[in-house]
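A look at the structure
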There are 6 protein chains.
Amino acid sequence: MSEPKNILRLGLPKGSLQEPTLELFKRAGFNIVVSSRSYRPSVDDSELELRLLRAQEIGRYVDHGFLDCGITGRDWIVENGADVEVITDLRYSKATSWPTRWVLVVPDDSPVKTVKDLQGKRIATEAVEMTKKYLAANGVEAEVEFSWGATEVKVPEMVDAIVDITETGSSLRANKLRIVDTLMESYPQFVSSKTAARDEWKRQKMETLVLLLKGALEARHKVGLKMNVPAKQLQEVVACLPSQRSPTVSTLASQEWVAVETVIDEATVRVIIPQLKSLGAEGIVEYPLNKVVH
Amino acid sequence: MSEPKNILRLGLPKGSLQEPTLELFKRAGFNIVVSSRSYRPSVDDSELELRLLRAQEIGRYVDHGFLDCGITGRDWIVENGADVEVITDLRYSKATSWPTRWVLVVPDDSPVKTVKDLQGKRIATEAVEMTKKYLAANGVEAEVEFSWGATEVKVPEMVDAIVDITETGSSLRANKLRIVDTLMESYPQFVSSKTAARDEWKRQKMETLVLLLKGALEARHKVGLKMNVPAKQLQEVVACLPSQRSPTVSTLASQEWVAVETVIDEATVRVIIPQLKSLGAEGIVEYPLNKVVH
Amino acid sequence: MSEPKNILRLGLPKGSLQEPTLELFKRAGFNIVVSSRSYRPSVDDSELELRLLRAQEIGRYVDHGFLDCGITGRDWIVENGADVEVITDLRYSKATSWPTRWVLVVPDDSPVKTVKDLQGKRIATEAVEMTKKYLAANGVEAEVEFSWGATEVKVPEMVDAIVDITETGSSLRANKLRIVDTLMESYPQFVSSKTAARDEWKRQKMETLVLLLKGALEARHKVGLKMNVPAKQLQEVVACLPSQRSPTVSTLASQEWVAVETVIDEATVRVIIPQLKSLGAEGIVEYPLNKVVH
Amino acid sequence: MSEPKNILRLGLPKGSLQEPTLELFKRAGFNIVVSSRSYRPSVDDSELELRLLRAQEIGRYVDHGFLDCGITGRDWIVENGADVEVITDLRYSKATSWPTRWVLVVPDDSPVKTVKDLQGKRIATEAVEMTKKYLAANGVEAEVEFSWGATEVKVPEMVDAIVDITETGSSLRANKLRIVDTLMESYPQFVSSKTAARDEWKRQKMETLVLLLKGALEARHKVGLKMNVPAKQLQEVVACLPSQRSPTVSTLASQEWVAVETVIDEATVRVIIPQLKSLGAEGIVEYPLNKVVH
Amino acid sequence: MSEPKNILRLGLPKGSLQEPTLELFKRAGFNIVVSSRSYRPSVDDSELELRLLRAQEIGRYVDHGFLDCGITGRDWIVENGADVEVITDLRYSKATSWPTRWVLVVPDDSPVKTVKDLQGKRIATEAVEMTKKYLAANGVEAEVEFSWGATEVKVPEMVDAIVDITETGSSLRANKLRIVDTLMESYPQFVSSKTAARDEWKRQKMETLVLLLKGALEARHKVGLKMNVPAKQLQEVVACLPSQRSPTVSTLASQEWVAVETVIDEATVRVIIPQLKSLGAEGIVEYPLNKVVH
Amino acid sequence: MSEPKNILRLGLPKGSLQEPTLELFKRAGFNIVVSSRSYRPSVDDSELELRLLRAQEIGRYVDHGFLDCGITGRDWIVENGADVEVITDLRYSKATSWPTRWVLVVPDDSPVKTVKDLQGKRIATEAVEMTKKYLAANGVEAEVEFSWGATEVKVPEMVDAIVDITETGSSLRANKLRIVDTLMESYPQFVSSKTAARDEWKRQKMETLVLLLKGALEARHKVGLKMNVPAKQLQEVVACLPSQRSPTVSTLASQEWVAVETVIDEATVRVIIPQLKSLGAEGIVEYPLNKVVH
């Protein structure tokens, strides 16, 4: 009876990544319902079994084999030294699509200019292992203490420097702190246990999942664009569209016009629409997308 | 002067169905604004006059002719014995698209195994008539008392069993209750008074409404899919698409490719996209829909 | 070094117009983030520099040249006598797409029937200049006092009449007030300083912005519609579609059918879909749009 | 083993009376905690067992003996014809200390002037029995239908009159409704089952409860007042204090002064303090009370 | 018929002072209910008629005689040049009992050191008149423009300096602004029209009101303290209590002890209790007060 | 210059204990304001300097001397092995006055009956050190892993047992978990560094603080009671009052009555008031207390 094999056990991150992760799965076609006791979300795919866990712990439980795979930050995989296989990066985050960074931070007016200046000092951080490795790699000896949170208020009173996470750096600037160095860029990764990665069915299931998740991720910044173009201008219109792949050009009843349809980055629409208009395109329509799979 | 005939008076349900009903009308193209005194919502269709009423009462007021038609649960139409004509079922609900069920419920550890075991017992419910008919049909005599709410806490202390509503049964399980039998499945229905159903203009207006509401309901679980396909693979690609109706195949400028566009269940996308890719489809794009009318 | 020229400084209105304005920019393709100190929103276009200011003050700061351009209500431009150039009207508002109106209001039972009856009376308003000009134009002398807010409660106890803003008039009716006259219809306008309007790069940038904003505004009430039509019915189907411009008609693999696609007002969909069905259209699909540029 | 007798099972009303009831018990010295499954609140008195039930149902369950006693509105006891013993009135309500009233209501412009004018009409109400008795007592025959809520919007469209609850009448006036007659004044009552009232321990326990509840109720509108008074003015000061009972007059170290302390209605403080000052009282201090037991 | 005289029309400030003002009245013994249309609050004193108005406007309406009296900030009385009689200062504010201050503010790094440096500059403020008078008194000519709000963001970009309100200055520091000078300290005042102040009944009514309001204000920072003291230590205990007036000393049944009771500043309790203990006081109890009238 | 000595640096716990701690200080007479950047609350005592830190970290920072003293849970002091001096226990908690307990927990249906059964198993906990010591003391070898939170969901899937915190045990029961053993009872403690405890001024300051905090804590469950008693009943009345210390008995003007005043547990009021009444006491008044210092 091979049925038990047909379940993929997947860990999803609680906390700041939870909402964007559920949103991403929804766009990928998976409806996840988190009930009040939020540890076991239900999902409308009977081949998946979900667990909602702290991002810090997912790597460990994938490594130990309690989970087949999981989505969690690259930072915590490294911090915990989890021995897992990275299936793919998934570059999304709570607010933006920037990666988060782990940075070495001191007060604006601190004498510390480089990591070397921390010799013999005290550093607070949630990522003790990452920080110790970083100091060792730089030949610096310093005391590293675990911070239970609100790390940024501890400097300079309690410690000389901190290693903390930031997205845009603006909160650090507001607190009059200065970034000395970047230890790591982090973003979500889809990771698998070594065992699951060798199981054919699980590998296949993970690849399908990743295909759909990346299709949904891709679509977040893409839009569909269609327009009617005078047949004789077609060449120039096509030339001005981004060339990822050639647009769909359909013949129309009226032979003097053709219909052109393409998918482009939302960010370039504002540049391209004025150009299209000046080339004679009419009835330009932009519409939203759910998924884009190349 | 035939003008008075050109108004359709429609009752909409307050309470848990209110938001999903207004949402459904919005997707169907009707913008309804519920002001603070919420009994008479306004709508951007001068042929409609809306009343917002308790689901329990809509059947009665349609039956009496105060309303031409209404949307309410099948359960309350039956409970009140309202003499109305069902125009169509509209299968939506507050949270899911499951029907709600009226179930006979006892504590997990109750000796009651079937309805027969309730002879001489006491039952609390909001649906007294429905429960009495059900007991009579099963040849059981028991005391049925009206419950003003929070019915599930009354068993076993106040009564031996309850007849209550459930969607998924999970809240019953959490309260350590057991379902003995299902009395009725319920879902919203669009009902008309006998008189309105015979009036040609009103009948026509109701049918148009229902066409648009069902179009919007259908679209909730559908998406549009388009892709470019090598002409020689077209046959196989079409074969793998669900066959509700044949997809739209457009010729392209490049004769080696065709554009294929179709509408499919969102739930099947995650199965089909990997297949399409393996058949050579490119530039697969999924986009959202507002309405689907066959 | 011509770089300083490549910045357009744009003022956006705080308060009731803030959310719809940010929403409009988002649909136009500009992502604006308002941080906690909300005066300088950031935007993902390095050629734009934004300021978030009270609608009342934007005209003044454009006039003075502190801003190149801004979006604010026509009313405040007139009230402040700001000497600016109107690039375009943008007809949106907080709740609806109606314009707001400045109206002369008295209690239901006031003897005042026309503005002439206000001779020697007292009027409270937030728009003192506009009211004074209006009275002068009507040859009426009356005392006009500045109201800091909650103007409608002051009549009849504190003053004989007020000049206040309204969208639908329903709040006035609820307060048993009567509109005597309308002083001005107002809606947002995109205005430029005289200097910026003469600068070629800024003029071009503003026109591109306006093109995209109007494309987004237009799309709010439009939807895309596509369907398959029996070739022999095409003429009749096309005739029943609104004629803004001819729909896109694509040939299909099956020659007995053609695909028709068009963009129409959402409000007309509910009339047209039943007609299309009766003309033999099949697979009618409605989808949402982000932008429509003619 | 007589222990089971030492439990008093008390029903408390859910809904609008819940918060003021819990607040009243807290002031009376009983801390009640309502957990998430709110049917069985816990209380720091091991002789009490609480049930939280709809006000409409408490009379029935006391009558049937499932509860020894309960607090609920007089209206629902009458409406349900519950055969219980009234231990005491407790005059508090959600917002004020006015009683609520059940009133017969028609639109402002209705021709109905007295209950007699309702012959042959239709009336909606949540209190069907109360209304039928009232009509019978007045020799009027009319159709009475149960209303599931929002009763006030049904007149005049659905019914000719309603019987509804009101505290101040202001909401009725705002809805342009007119009170024709008052059917009943209602306020909370502490009621006991006939059986419990005959049980000596339970009777004693209920009387202690009522003593403390009334002590807390009394204190809501009382304050303590103390002051120093010149001995020779004592007579006059005492004369000006409300005479419920004579104030506590303490001798002081200095024989020319005495200390006077009393408990008075908060509402009279603002009248009495100026008088006391003019009579020479000094160091007047007002302090809050928890309970007042005469 | 002298009855119309027996009404005092009192204006109360909306906005940030509204809640502390209503709270103060409640402690003074007046229950004010602000209904949804908040202009005419009701109060349980039939001799009072309340109006809730913007603080900026109350002085004007008292001056004009529409109100007999009002509570509003000293700043707005001065700004509007209202010709009213100040009955008393009432030193409370939204958050603290500090006065608010109107200050001249520039950016931290501005060259402006004193008001003199503003010659020929531009200043934004909500208090245009106050600022103009201040500049004139200092012999400085500068442009003063009315700011509709969010004044602090306008410097240095739009204007060179601002005149704005502050309580603690901390928000200014956070915005990197510097206070150059203080134009005025402000706090609420109870003001009367000249006419009302000459009316005997109204004058008397206002004085009673003020007595009770000040009694309540005083009590906010006072507590009652009572203790038993060995008779032989009485002298020393009394000496250590603040001497506003001599404490109440009561004889006790046991002649070796006396009871001492007094009212002291809450802020001094933490200093005094340890002293009292060391002097032999026992059973020290602190209790809250509602009003303190000397 | 001895001034620097006159500052006591005190750490307060963030999180679930924050609100009750600030509330306790307020009742003790210290007003603490937590600004948006919440690390350095301000307090109206210039001899105190506050830091708001995670409860887990306060012991460490007191031990290291960054803080003179702090309030934190006994559990974290033990867990971190902080070398501090306990000044006093302060028995309060977020919801109740029960201590919190660290308990060893397994699923209801686990075979684990005692700690001995955990040999070779895996345990998750936030208190790794405490758990390791406990296991060692019981001669059990098991794997202990740090849990980042939501520990209770990990059993039985991820681990065999957990060590977690509970107040009432009800959440454990709801999750179908069973308590095997209690590792520690915890409650807040006021701890001092060894250095600060030897500094005379700091020691004195801490003792005053503790006196006031305990006075406020004591008053939470006490009330004042006063009544008039017939002189001849005095003996019996006094006998029925709890005997902590003798009540204050004052002579009255009328020699047949005496005034009796005492402080008792709020929980006993409901027993005593009926007794007092039956002994002839009149005008019984209960009033709230802020502090009680014996």
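My aim in this report is to walk through the structure given alongside it, one point at a time. (Residues numbered from 1 in each chain as written. Chains lettered and ligands numbered in written order. Predicted model: local features only at pLDDT ≥ 70, side-chain atom pairs only at ≥ 80, totals over all residues. Heavy atoms only, no water.)

Attention now goes to the overall build of chain A. Along its length, chain A carries 9 helices and 17 strands. Its C-alpha atoms give chain A a radius of gyration of 24 Å, clearly above 19 Å, the size a compact globule of 294 residues would have. In terms of overall dimensions, chain A has C-alpha extents of about 80 × 60 × 35 Å along its principal axes. Expressed as a percentage of the 294 residues in chain A, the buried residues total 55%. (Helix = DSSP H or I, 4+ residues; strand = E, 2+ residues; numbered from the N terminus. Rg over C-alpha atoms; globule rule 2.2 N^0.38 Å. Buried < 20%, exposed > 50% of the residue type's maximum accessible area, 1.4 Å probe, protein only.)

Quick look at the interface of chain B and chain C now. On the side of chain C, 20 residues touch chain B, which itself brings 24 residues to the contact. Buried surface at the junction of chain B and chain C, both sides included, amounts to about 1900 Å², of which 51% is carbon and sulfur. In this structure, the connection of chain B to chain C is made through 3 salt bridges. With a shortest N-O distance of 2.3 Å, C:Glu286 and B:Lys291 are connected by a salt bridge. Here chain B and chain C share 8 residue pairs in polar contact (both at pLDDT 80 or more) between them. Elements with a minimum of two residues in the side of chain B that touches chain C: helix H7 (200–219), strand E14 (248–251), strand E15 (257–265), strand E16 (282–288) and strand E17 (291–293) of chain B. Across 3 bridges, the pairing between E17(B) and strand E16 (residues 282–288) of chain C is antiparallel. Pairing of B:Val292 across the sheet is with C:Val285, part of E16(C). (Contact = heavy atoms within 4.5 Å. Buried area = accessible area lost by both parts, 1.4 Å probe. Salt bridge = Lys/Arg side-chain N within 4 Å of Asp/Glu carboxyl O. Polar contact = N/O pair within 3.5 Å; in protein donor to acceptor, adjacent residues only side chain to side chain. Pairing = 2+ DSSP bridges.)

Attention shifts here to the relation of the copies chain A and chain F. What connects the two chain copies is a rotation about an axis and a shift along it. When chain A is fitted to chain F, the residual RMSD is 0.1 Å, and the transformation amounts to a turn of 180 degrees plus an axial shift of 0.0 Å. The transformation relating the two chain copies, once decomposed into turn and shift, fits a two-fold axis. Taking C-alpha positions as the reference, the residue of chain A nearest the rotation axis is A:Trp148, at 5.0 Å. A shared interface surface links the copies, since 100% of the contact residues of chain A are contact residues in chain F too. (Least-squares fit on C-alpha atoms with pLDDT ≥ 70 in both.)

As a further point, take the sheet that holds strand E13 (residues 222–230) of chain E. Read from one edge of the open sheet, 5 strands run E14(E)-E15(E)-E13(E)-E16(E)-E17(F), paired in antiparallel fashion. The sheet terminates laterally at strand E14 (248–251) of chain E together with strand E17 (291–293) of chain F, the two strands that pair on one side only. Strand-to-strand twist in this sheet, taken as the mean axis angle between neighbours without regard to direction, amounts to 15 degrees. Packing against the sheet, helix H9 (residues 266–278) of chain E makes contact with E13, strand E15 (257–265) and strand E16 (282–288) of chain E together with E17 of chain F, and its axis sits at approximately 155 degrees to E15(E). (Axes fitted to C-alpha atoms, helices over the stretch in contact; angles between N-to-C directions.)

What follows is about the side chain of C:Arg51. As for its position among the elements, C:Arg51 is in strand E4 (residues 48–53). You can call C:Arg51 buried: its relative accessible area is 2%. At 2.4 Å, the side chain of C:Arg51 and the side chain of E:Glu157 are in polar contact.

On the side of chain F, 30 residues touch chain A, which itself brings 30 residues to the contact. Summed over both partners, the interface of chain A with chain F comes to about 2900 Å²; 52% of that surface belongs to carbon and sulfur atoms. Sorting the residues of chain A by area buried against chain F places A:Trp148, A:Glu157 and A:Met158 first, and these three jointly supply 28% of that buried surface. Remark: the boundary between chain A and chain F carries 10 salt bridges. A:Glu145 is paired through a salt bridge with F:Arg60; the nearest N and O atoms lie 3.5 Å apart. The tally of links from chain A across to chain F stands at 18 residue pairs in polar contact (both at pLDDT 80 or more). Put simply, the parts of the chain that give the side of chain A that touches chain F at least two residues each are strand E4 (48–53), helix H2 (55–63) and strand E9 (143–146) of chain A. When residues of the side of chain A that touches chain F are assigned to their parent elements, the largest contribution, 4 residues, is made by H2(A). When its residues are assigned to classes, the side of chain A that touches chain F shows 11 nonpolar, 5 polar and 14 charged. (Nonpolar A, V, L, I, M, F, W, Y, C, P; charged D, E, K, R; others polar.)

Attention shifts here to the arrangement of the chains. There is a gap between chain B and chain E: no contact, and a shortest C-alpha distance of 12 Å. Kept free of each other, chain C and chain F leave a smallest C-alpha distance of 12 Å between them.

Mapping chain B onto chain C leaves a residual RMSD of 0.1 Å; the transformation is a rotation of 121 degrees accompanied by 0.0 Å of translation along its axis. Such a combination of turn and shift is consistent with a three-fold rotation axis. Mapped onto chain C, only 17% of the interface residues of chain B are again interface residues, and the two copies thus contact each other with different surfaces.

With that settled, the discussion passes to the environment of B:Leu172. Residue and element names in this part refer to chain B. Within the secondary structure layout, Leu-172 lies in helix H5 (residues 170–174). In sequence terms Leu-172 and Pro-107 are 65 residues apart; their C-alpha atoms lie 9.4 Å from each other. With near-sequence residues (within four places) excluded, Leu-172 lies in contact with Val-103, Val-105, Thr-166, Leu-177 and Ile-179.

The next thing to look at is the sheet that holds strand E9 (residues 143–146) of chain D. Residue and element names in this part refer to chain D. Judged by pairing direction, the sheet is mixed, and its 5 strands sit side by side in the order E9-E8-E10-E7-E11 without closing on themselves. The open sheet has two edge strands, E9 and strand E11 (177–186), and neither has a second partner. In this sheet, adjacent strand axes meet at a mean angle of 25 degrees when their direction is disregarded. Both strand E8 (residues 122–125) and strand E10 (residues 161–166) contribute to a ladder of 3 bridges, which runs parallel. Residue pairing in the sheet places Thr-125 in a bridge with Val-163 of E10.

So, about the packing of H7(B) against helix H9 (residues 266–278) of chain C. H9(C) packs onto H7(B) with a crossing angle of 95 degrees between their chain directions and a minimal axis gap of 10 Å. When the axes of H7(B) and H9(C) are compared, the pair comes out roughly perpendicular. Between H7(B) and H9(C), the contacting residues are B:Thr208, B:Leu211 and B:Leu212 on the first element and C:Arg270, C:Ile273, C:Pro274 and C:Lys277 on the second. For the contact of H7(B) with H9(C), the residue count by class is 4 nonpolar, 1 polar and 2 charged. (Parallel < 35°, antiparallel > 145°, perpendicular 65-115°, else oblique.)

Within this structure, the stated rule accounts for 45 aromatic pairs over all chains. It is A:Arg60 that lies over the ring of A:Tyr61; its NZ or CZ is 5.2 Å from the centre. When the ring centre of C:Tyr187 is taken as reference, the NZ or CZ atom of C:Arg91 above it lies at 3.9 Å. (Phe/Tyr/Trp six-rings, centres within 6.5 Å; stacked < 30°, edge-to-face > 60°. Lys NZ or Arg CZ within 6 Å of the ring centre and 35° of its normal.)

Assignment of secondary structure puts F:Ser16 in the loop between strand E1 (8–13) and helix H1 (18–28). In this structure, the C-alpha to C-alpha distance between F:Ser16 and F:Ala55, residues 39 residues apart in sequence, is 9.3 Å.

So, on to the pattern of salt bridges. If you walk through the whole model with that rule in mind, you get 132 salt bridges over all chains. The salt bridge involving A:Lys222 is made with A:Asp265; its shortest N-O contact spans 2.8 Å. You can see A:Lys222 sitting in strand E13 (residues 222–230) and its partner A:Asp265 sitting in strand E15 (residues 257–265), a full 43 residues away along the chain. With relative accessibility at 8%, the residue A:Lys222 sits in the buried group. Judged by relative accessible area, which is 33%, A:Asp265 ranks as partly exposed. Through salt bridges that share partners, A:Glu57, A:Arg60, F:Arg122, F:Glu143, F:Glu145 and F:Lys154 make up one connected network.

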